[in-house]
There are 2 protein chains.
Amino acid sequence: MPVMVMDVSSKRNAILDGAIAEFLAQGYAAASMDRIASGAGVSKATVYSHFASKDRLFMAIMERLVLSKFADILEPSQFAARMNEPPERLLRHVAMTMLQVPIQDREYLGLIRTVIAESGRFPALAQTFLKEITAVALHSLADYFRHCPHLHIADPEATARIFVGAIAHYLITQYLLSGAEIIPLEESRLVDSLILMITCQKTEQGP
Amino acid sequence: MPVMVMDVSSKRNAILDGAIAEFLAQGYAAASMDRIASGAGVSKATVYSHFASKDRLFMAIMERLVLSKFADILEPSQFAARMNEPPERLLRHVAMTMLQVPIQDREYLGLIRTVIAESGRFPALAQTFLKEITAVALHSLADYFRHCPHLHIADPEATARIFVGAIAHYLITQYLLSGAEIIPLEESRLVDSLILMITCQKTEQGP
DNA sequence: GTCTATATCGCGATAGAC
DNA sequence: GTCTATCGCGATATAGAC
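Residues numbered from 1 in each chain as written. Chains lettered and ligands numbered in written order. Predicted model: local features only at pLDDT ≥ 70, side-chain atom pairs only at ≥ 80, totals over all residues. Heavy atoms only, no water.

### Looking at the nonpolar core
Then, number 1: In this structure, Leu57 and Phe163 of chain A together with Leu57 and Phe163 of chain B are the most contacted members of the largest nonpolar core, which totals 150 residues.
Then, number 2: The residues contacting Leu57 of chain B, other than those within four sequence positions of it, are Ile15, Leu16, Ala19, Phe23, Met33, Ile36, Val47 and Phe51 of chain B. (Core = buried A, V, L, I, M, F, W, Y, C linked by side-chain atoms within 4.5 Å. Buried < 20%, exposed > 50% of the residue type's maximum accessible area, 1.4 Å probe, protein only. Contact = heavy atoms within 4.5 Å.)

### Details of the state of the cysteines
Then, number 1: In the structure shown here, the tally under the stated rule is 0 disulfides over all chains.
Then, number 2: Here Cys148 of chain B stays unpaired: no disulfide links it, and the sulfur of Cys200 of chain B, its closest cysteine neighbor, is 15 Å away. (Disulfide = S-S within 2.5 Å.)

### What about the side chain of Glu22 of chain A?
All names here are of chain A.
Then, number 1: Examined against the element boundaries, Glu22 turns out to sit in helix 1 (residues 8–26).
Then, number 2: Reaching out from Glu22, the side chain makes a polar contact with the side chain of Arg35 at a distance of 2.8 Å.
Then, number 3: Non-local contacts of Glu22, meaning those with residues more than four positions away in its chain, are made with Gly27, Ala30, Ala31, Ser32, Arg35 and Ile36. (Helix = DSSP H or I, 4+ residues; strand = E, 2+ residues; numbered from the N terminus. Polar contact = N/O pair within 3.5 Å; in protein donor to acceptor, adjacent residues only side chain to side chain.)

### Examining the layout of surface pockets
Then, number 1: Counted as a void, the largest pocket has a volume near 380 Å³.
Then, number 2: Along the wall of the largest pocket there are 27 residues; nearest its centre are Gly27, Ala117 and Glu118 of chain A together with Ala117 and Glu118 of chain B.
Then, number 3: Contributing elements (two or more residues each) for the lining of the largest pocket: helix 1 and helix 7 (106–117) of chain A together with helix 1 (8–26) and helix 7 (106–117) of chain B.
Then, number 4: With 4 residues, the top contributor of residues to the lining of the largest pocket is helix 1 of chain A.
Then, number 5: Considering the residues around the second largest pocket, the lining is formed by Leu138, His139, Ala142, Glu157 and Arg161 of chain A together with Ile182, Ile183, Pro184 and Leu185 of chain B.
Then, number 6: A total of 3 residues in the lining of the second largest pocket trace back to one element, the largest contributor, which is helix 8 (residues 123–147) of chain A.
Then, number 7: Of the residues belonging to the lining of the second largest pocket, the class tally is 6 nonpolar, 1 polar and 2 charged. (1 Å grid on protein atoms, 1.4 Å probe; cavity = no way out; pocket = protein on both sides within 12 Å on 5 of 7 lines; lining within 4 Å. Points joined across faces, edges and corners; volume = space filled by probe spheres on them. Nonpolar A, V, L, I, M, F, W, Y, C, P; charged D, E, K, R; others polar.)

### Description of the interface of chain A and chain B
Then, number 1: Contact with chain A, which involves 52 residues of that partner, is made by 52 residues of chain B.
Then, number 2: Overall, the association of chain A and chain B removes approximately 4600 Å² of surface from exposure, summing both partners, and the carbon and sulfur fraction of that is 69%.
Then, number 3: Summed over the three residues of chain A that lose the most area to chain B, namely Arg161, Leu177 and Met197 of chain A, the buried surface amounts to 16% of that side.
Then, number 4: Applying the counting rule to chain A against chain B returns 4 salt bridges.
Then, number 5: Residues Asp155 of chain A and Arg189 of chain B are paired through a salt bridge, measuring 2.7 Å at the closest nitrogen-oxygen approach.
Then, number 6: Counting across the chain A and chain B interface gives 18 residue pairs in polar contact (both at pLDDT 80 or more). (Buried area = accessible area lost by both parts, 1.4 Å probe. Salt bridge = Lys/Arg side-chain N within 4 Å of Asp/Glu carboxyl O.)

See the structure below:
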């Protein structure tokens, strides 16, 4: 007959879940191993039996978090399937997804804040974030700009950076820096202008 | 004859300078009042005689820092004087300034990292940063887009956001997140594409 | 105002029973 | 593996002499 306590892997997962909440809310230095332990319903010694140190636990949950968010971002294959759509439609879908995923999933915003906050102490973590999330989106978009028959983009990589940068900065100012009332701007205006600026380059192609 | 020790205001300034270095390097939680005191060459009690608590010292130096960086950013008046230059020239100058100031002044980069890092604990600080720096640049640019006779920008505010966002995100990825080798991109390519995307809107104005 | 010395607390990490 | 109890340290903040 089953005992009424968590098994080993459940405890490990409870620790990881509690650690995610604590580190994302407090940042590395202010996070407390005591709170992580009690939040997970285990003793502090149990936390240390699974993770050798605060550093190791932090890096474990952050890598896990970065990889888990990967699926939410658009991969190259998703672009290939939509190559024949009008560019306005496809770019609007991409922009709205990049905006809505972090807005709906507050863990995503906390991840962005924490990656930037700890980028001095943990530069390898910042690079993992860039490699697994930012670079994937940039390469997908640049490939699309390079091969889409309806667009004639002079510099696909730079244009992808502008697209991703404008959206990422909008998320940071409105939702991390509480900018809604200080520098308000509707999502749709940002997206409309981005699409207009990108698609109007096709008028450059000849006499 | 003058004594060979600092007077009161010199000690206060030494404390402020040391606090800036400590908070920007360590973040709020990991910063130590002991290190700030010894770094300034005073006792810890002296620090507390000038600033009631760690919170108050942090907010004092961050506000000071935000206001001191204001002059580096382009004010509206600077645009008015250059309204008759070709837009390509003016926009290139603005973009290069926004890129070079934080790159040259590492304190500026540390300020950006700390504002984002502590935006959960100190939302008012984040809003001060937006109001004193980001909003000033956005309004200047939007005004320019609205009134420049050579451009016909559909949505000046949104276009200003894209311009500022692309540059801010570039600074964050390349210099805060150590992205130089992971997602390399020359400054000039970013700036050239930005200018091309903005200026080519003038071809939209009709037959 | 400024110092030395200290109070008080919470932190990360560990020892040892079970 | 998991617990309780604790160690040692460094943190913020303060008392009291000068």
